[in-house]
Amino acid sequence: MVSPVREDATEDRQKAASAMEAQASVEQELLSADQAQVLSKMAKYHGLPRSGDIVMIQSEHTGAVDILSADLESADLLGDHRRVSPPLMAPPCIWTFAKMKEFKSKLGKEKNSRLVVKRGEVVTIRVPTHPEGKRVCWEFATDDYDIGFGVYFDWTPVTSTDITVQVSDSSEDEDEDEEEEEEIEDPVPAGDVERGSRSSLRGRYGEVMPVYRRDSHRDVQAGSHDYPGEGIYLLKFDNSYSLLRNKTLYFHIYYTS
């Protein structure tokens, strides 16, 4: 025979176990809802977790912390919102030559080969890849003072082979324009022209060479880069660090096969 005390204790344990199972089930459902909500928010950003990354999610309902691997079914939850990082760019070939007077004299007579980059401005020359070319080439020089220069690549499909010029009041303003186009909520600092700015252009952009101050008033600066594919080169002439001086820029951009 089983004593009434033992029978009551067994029944109490069974009830407690059932209650704990029910609570665990509710917490799991809430946690799954939190995971889905967080993953849906991740889809709005470019910084999505890569394969092998660990994501920690704390439940707003229970306070429990769950650790997820980016290899989970997050890919299915993110769907088409997942963005692929652009491939790394091969380094450019760069060199200088000293025929400054001849270079300026020649370009001074050509149309659209000379412009003034005002103090605090960033001028971006957009150069689409050409179906008959395999690499882009550039040469430039300035009067009296140096200028910041860097090259980036936009993987946007080419709809026109026209070279265009974009002027921004500063590198920060230019970043804001890019953010408005791509609806990015987390801006990246523009960087330091003195030390070499890192790419502040995200998503579909690749960095060929960061913006550095170049001694373009002493030697003609030249370089080339093989096409990584179809897209648009962004040649940036950065005078945002100058508070007083405008820079007269002479430039020649072409492609070779």
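Predicted model only: the values in this text are computed from it and were never measured.

Undergrad: Sorry if this is basic, but what is going on with the packing of aromatic side chains here?
TA: Between two aromatic rings, the relevant description is the distance of the centres plus the angle of the planes. The full count for this structure, using the stated rule, is 8 aromatic pairs. Ring centres of Phe153 and Trp155 lie 5.0 Å apart, and the angle between their planes is 80 degrees; this geometry places the pair in the edge-to-face category. Here Phe153 falls in the buried class, since its relative accessible area comes to 0%. Judged by its relative accessible area of 27%, Trp155 falls in the partly exposed class. Feature note: the residues Trp138, Phe140, Phe149 and Phe237 constitute an aromatic cluster, connected by ring pairs.

Undergrad: Can you help me understand unusual backbone geometry in this one?
TA: Trans peptide bonds make up most of the peptide bonds, and negative phi angles are found at most residues other than glycine. One non-glycine residue, Asn112, lies in positive phi territory at about 65 degrees. With respect to the helices, strands and loops of the structure, Asn112 is situated in the loop between helix H3 (100-108) and strand E4 (114-117). For Asn112, a relative accessible area of 62% gives the class exposed. Its identity as a non-glycine residue notwithstanding, Asp144 has a phi of 70 degrees, on the positive side. With respect to the helices and strands, the residue Asp144 is situated in the loop between strand E6 (135-142) and strand E7 (147-154).

Conventions we followed
Starting from 1, residues in each chain are numbered consecutively following that chain's sequence as written. Thresholds applied to this predicted model are a pLDDT of at least 70 for local features of residues and 80 or more for the giving and counting of side-chain atom pairs; totals over whole chains, interfaces and linings are not thresholded and use all residues. Only hydrogens and water are set aside; all other atoms, that is, all heavy atoms of the structure, feed into the side-chain values. Here a pair means two rings of Phe, Tyr or Trp (six-membered ring of Trp) with centres within 6.5 Å. Their orientation is stacked below 30 degrees between planes, edge-to-face above 60, and tilted elsewhere. Throughout, exposure labels follow a simple rule: accessible area from a 1.4 Å probe, protein chains only, divided by the maximum for the residue type, with under 20% read as buried, over 50% as exposed, and the rest as partly exposed. The numbering of helices and of strands both runs from the N terminus, where a helix is a DSSP run of H or I of at least 4 residues and a strand a run of E of at least 2.

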